[in-house]
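Summary of the model geometry
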Amino acid sequence: MSGINDFVVKFATVNGSGSASANGIFAKTLFRMGIPVSPKNIFPSNIQGLPTWYEVRVSEAGYLGRREGIDLMVAMNPQTFKEDLAEVVPGGWLLYDSTLPRVWPREDVTIIGVPIAEMCAAKWQDTRQRQLFKNMVYVGALTALLDMDVEVLKSAVVDQLKGKEKLVAANMEAVALGREYACKNFDCPLPIRVRHADGAKGKILVSGNDAAGLGAIYAGATVCAWYPITPSTSLAEAFERHAKRLRITKEGRRLFGIVQAEDELAAIGVAIGGGWNGARAFTATSGPGISLMSEFLGLAYFAEVPVVLFNIQRGGPSTGMPTRTQQSDIISCAYASHGDTKHVLLFPANPTECFAMGAEAFDLAERLQTPVIVMSDLDIGMNEWVTDPFAWNEAHVHDRGKVLSAEQLEKFKELKGKDWGRYQDVDADAIPYRTLPGTHPTKGAFFTRGTSHDENARYTEDGRAHARVLDRIRRKFDTAQTLVPKPEVAIKDTSGKTGLIYFGATTPAVREALDLLEREGVKVNALRIKAFPFTRDVVAFCAMHERVFVVEQNRDAQMRSLLMTEAEIPGAKLIPALNYDGMPLTAAFVYGAVLQRLQPAKAAAE
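Calculation criteria
Position numbers for residues count from 1 along each chain, tracking the sequence in the order it is written. Owing to the predicted nature of the model, reporting of local features is limited to residues with pLDDT of at least 70; listing and counting of side-chain atom pairs is limited to 80 or more, with chain, interface and lining totals taken over all residues. No hydrogens and no water enter the side-chain calculation; it runs on all heavy atoms of the structure. Numbering of helices and strands runs from the N terminus, with a helix taken as a DSSP run of H or I at least four residues long and a strand as a DSSP run of E at least two residues long. For a compact globule the rule gives 2.2 Å times the number of residues to the power 0.38, and the radius of gyration it is set against comes from C-alpha atoms. Exposed residues in this analysis have more than 50% of their type's maximum accessible area, buried residues have under 20%, and partly exposed residues fall in between, with area computed by a 1.4 Å probe over protein chains only. Here a residue-residue contact requires only that any non-hydrogen atoms of the pair lie within 4.5 Å. Every accessible area reported is derived by Shrake-Rupley at a probe size of 1.4 Å, with residue values counting cover from the shown protein chains alone. Note on pairing: DSSP must find at least two bridges between two strands before they are called paired. Axis lines are fitted through C-alpha atoms, for helices just across the contact stretch, and the angle between N-to-C directions can take any value from 0 to 180 degrees. Marked domain ranges trace back to an automatic or database domain assignment. Summed over both partners, the accessible surface that disappears when two parts come together, traced with a 1.4 Å probe, is what is meant by buried area. Here, a salt bridge means any Lys or Arg side-chain nitrogen found within 4 Å of an Asp or Glu carboxyl oxygen. Pairs of N or O atoms within 3.5 Å make up the polar contacts considered here, provided that, within protein, one atom can donate a hydrogen while the other can accept it, and that residues adjacent in sequence are counted only when both atoms are side-chain atoms. The residue classification treats Ala, Val, Leu, Ile, Met, Phe, Trp, Tyr, Cys and Pro as nonpolar and Asp, Glu, Lys and Arg as charged. All others, Gly included, are polar. Expected span of a helix, by definition, is 1.5 Å for each gap between consecutive residues, and there is one gap fewer than residues. In these notes the angle categories are as follows: under 35 degrees is roughly parallel, over 145 is roughly antiparallel, 65 to 115 is roughly perpendicular, and the rest is oblique. A clockwise turn of the near helix away from the far one marks a right-handed crossing, whereas an anticlockwise turn of less than a right angle marks a left-handed crossing.

**So, the overall build of the protein chain**
- Each helix and strand counted, the protein chain has 21 helices and 22 strands in total.
- Computed over C-alpha atoms, the radius of gyration of the protein chain comes to 27 Å, within 12% of the 25 Å expected from 2.2 N^0.38 for 606 residues, which places it in the range of a compact globule.
- In terms of overall dimensions, the protein chain has C-alpha extents of about 90 × 65 × 40 Å along its principal axes.
- Per-residue burial for the protein chain yields a buried fraction of 55% across its 606 residues.
- A separation threshold of at least 6 residues defines the contact pool for the protein chain, and within that pool the share at least 24 residues apart is 74%.
- Split by element, the accessible area of the protein chain, about 25,500 Å² in all, is 51% carbon and sulfur.

Set out below in structure tokens:
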């Protein structure tokens, strides 16, 4: 086996051992060498003590999806030795702490033993230092084995230890220990190794939650209310961190408010209250939080109050797998709350889109006067991605929608031919005009309620009036269809026999799979959904194909169901390709799902 800038390294460690920093430094070093990397943090839902893994796919070609099979395993946790060894591909390598030597029952794997604990015990007296520096010793060994640039690694260490500069020298000593041992005892570098490249040139390495938090800042959000829940917590923390840097005046005045509420219900309530008062407000949660917030989402939908919700999806149902990824909240978010509700959803595929769609969500929410839910997930939200730098048009003016000023209220009847009413469809786009508290001393007041109301916000139990209001709110979806991001379409086969629909975090795996299929002579057209409601492009794409695969990470084919219900696509045409084991999707899975249907004999042979 050999490969330059094309392999997978996996670190098997113990949660709470301090390995996360060392593993992150490893990935950042390769990124700074110009190599596209795809780090995946696979961690348990406890504080410390259980096994944790960190995968880094190295791909100069720019493939960022997770790849099955490990080329080099750094096995630092004896509890998982058996399963870690099983993951190494034939011809691969396994590095372990050989302070306590062991026999490995595979002859097709090269074992690299480095007495890490013994070396640390001889170098440092402090027990905690020994534990922490063990991680940097194996990183040092990897610098020799993979031919990494040590100066670049040092710059990553310096950045990691900002404010703790005294620790830089000790960490680099640990790196030197591992590097020197590897150079003396093994043929370095291995057949798999790295070299400087340009694949990551001009890119950034960032998590989706950090990007979404910054997107909310650029969108003009001033209110964030949240309740801690994995994997969304870091989004609210990112917003607060960015706000403290960008939203505090020279005089020390905070131009933002952030509330850690007592539960998810209170969090969405605060955010809706902020939107009702004219602030750009949001909350962030995951699937269990969506369940709890549903009644309040129904209030915002029916009372037509703008609010943004970031749903960082995880494995379910119930508590499910808090530290694993899925796309399992599609139906629950599309129709959140009881009764007839329907919400706008955005599906970012990477941190760049988390930033852009996160900002766009606030414009859509105010333009449409409705909740908008950004459907990220744990893979995008918590892992770092090589992605395009964020772009922002400084000339952009936030779309506040139909908010009336005092002057506009005075002239409303003159301009529109009728007196203002909170829920009147004056412009035939199903979106009424709204006012904010305190706008006018005598005009513009209305009673916001969750009970049935007529066009002038008056309580009513008249079924005909109730139906008129519901019908108008539904028509807002027709308007929303013209405003949401359009899908991304790639046509490779003009005969149009086979299509494939995908969205969100499945994007890198699908794109790689399409390349693999094309190399086998199988051309598949593809469409990436970016939003719900579906635009006409989605309907047209399905109509032009005999069969359409729908790739998603849930058991019940939720996107497929939404396409059948909302776009009226025949179910027989939509072929589900479903993965729901909590791990990021691989190209091999998508490739196999398509080939099994189109060329079953070949798929069976492979």
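**Some details on the sheet that holds strand E22 (residues 574-578)**
- What the five strands build is an open sheet, ordered E17-E19-E18-E21-E22; its pairing is mixed. With one partner strand each, in any of the chains shown, strand E17 (488-490) and E22 form the two edges of the open sheet. Across the sheet, the mean angle from the axis of one strand to that of its neighbour is 20 degrees, orientation sign disregarded.
- When strand E18 (residues 498-503) meets strand E19 (residues 525-529), the two strands line up parallel, connected through five bridges. In the sheet register, Phe503 faces E19, and the bridge partner there is Ile529.
- Sitting on the sheet, helix H19 (residues 558-566) touches E18, E19, strand E21 (547-552) and E22, and the angle it makes with E21 is about 135 degrees.

**Some details on helix H7 (residues 208-218)**
- In terms of burial, H7 is a largely internal element, nine of the 11 residues being buried.
- What H7 keeps buried is the set Gly208, Asn209, Ala211, Ala212, Gly213, Leu214, Gly215, Ala216 and Ile217.
- Contacts made by the buried residues of H7 are with strand E9 (204-207), helix H8 (233-246), strand E12 (281-285), strand E13 (307-313), helix H12 (351-368) and helix H13 (378-382).

**Let's talk about the domain arrangement of the protein chain**
- What the domain assignment reports for the protein chain is domain 1 (6-185), domain 2 (206-387), domain 3 (406-483) and domain 4 (488-605).
- Look at where the C-alpha atoms of domain 2 and domain 3 centre, and you get two points 26 Å apart.
- Note on domain 2 versus domain 3: buried area summed over both sides is about 2,000 Å², and carbon and sulfur give 62% of it.
- Joining domain 2 to domain 3, the criterion identifies three salt bridges.
- We note a salt bridge from Glu366 to Arg434, for which the minimum N-O separation is 3.0 Å.
- Where domain 2 meets domain 3, there are 10 residue pairs in polar contact (both at pLDDT 80 or more).
- When residues of the side of domain 2 that touches domain 3 are traced back to their parent elements, those giving at least two are helix H9 (264-276), helix H10 (287-303) and H12.
- No other element matches H12, which puts five residues into the side of domain 2 that touches domain 3.
- Its residues assigned to classes, the side of domain 2 that touches domain 3 comprises nine nonpolar, six polar and six charged.

**Topic: helix H6 (residues 166-185)**
- End to end, H6 covers 31 Å across 20 residues, agreeing with the expected 28 Å (1.5 Å per residue, within 8%).
- Looking at H6, one finds that the buried residues are Val168, Ala170, Asn171, Met172, Ala174, Val175, Gly178 and Ala182.
- Against the buried residues of H6 lie helix H3 (116-123), helix H4 (127-145) and helix H5 (150-160).

**Section: the packing of helix H17 (residues 507-519) against helix H20 (residues 587-598)**
- Look at H17 against H20: their axes get within 8 Å of each other, and the N-to-C directions meet at 50 degrees. When the axis of H17 is compared with that of H20, the two are oblique. By crossing handedness, the relation of H17 to H20 is classed as right-handed. Within the contact between the two elements, H17 uses Ala509, Val510, Glu512, Ala513, Leu516 and Leu517 and H20 uses Ala587, Val590, Tyr591, Val594 and Leu595.
- In the contact of H17 with H20, the residues fall into 10 nonpolar, no polar and one charged.

**Things to note about unusual backbone geometry**
- Along the chain, Thr230 connects to Pro231 via a cis peptide bond; the corresponding omega equals 10 degrees.
- Structurally, the position occupied by Pro231 is in the loop between strand E10 (223-226) and H8.
- The amide bond that connects Gly316 to the next residue, Pro317, takes the cis arrangement and shows omega of 5 degrees.
- Its place among the elements puts Pro317 in the loop between E13 and helix H11 (330-334).
- Within the chain, Ala428 stands out as a residue other than glycine whose phi angle is a positive 60 degrees.
- One non-glycine residue, Ala557, lies in the positive phi region at around 55 degrees.
- If you trace the backbone, Ala557 turns up in the loop between E21 and H19.
- Ala557 sits in the buried class, given a relative accessible area of 6%.

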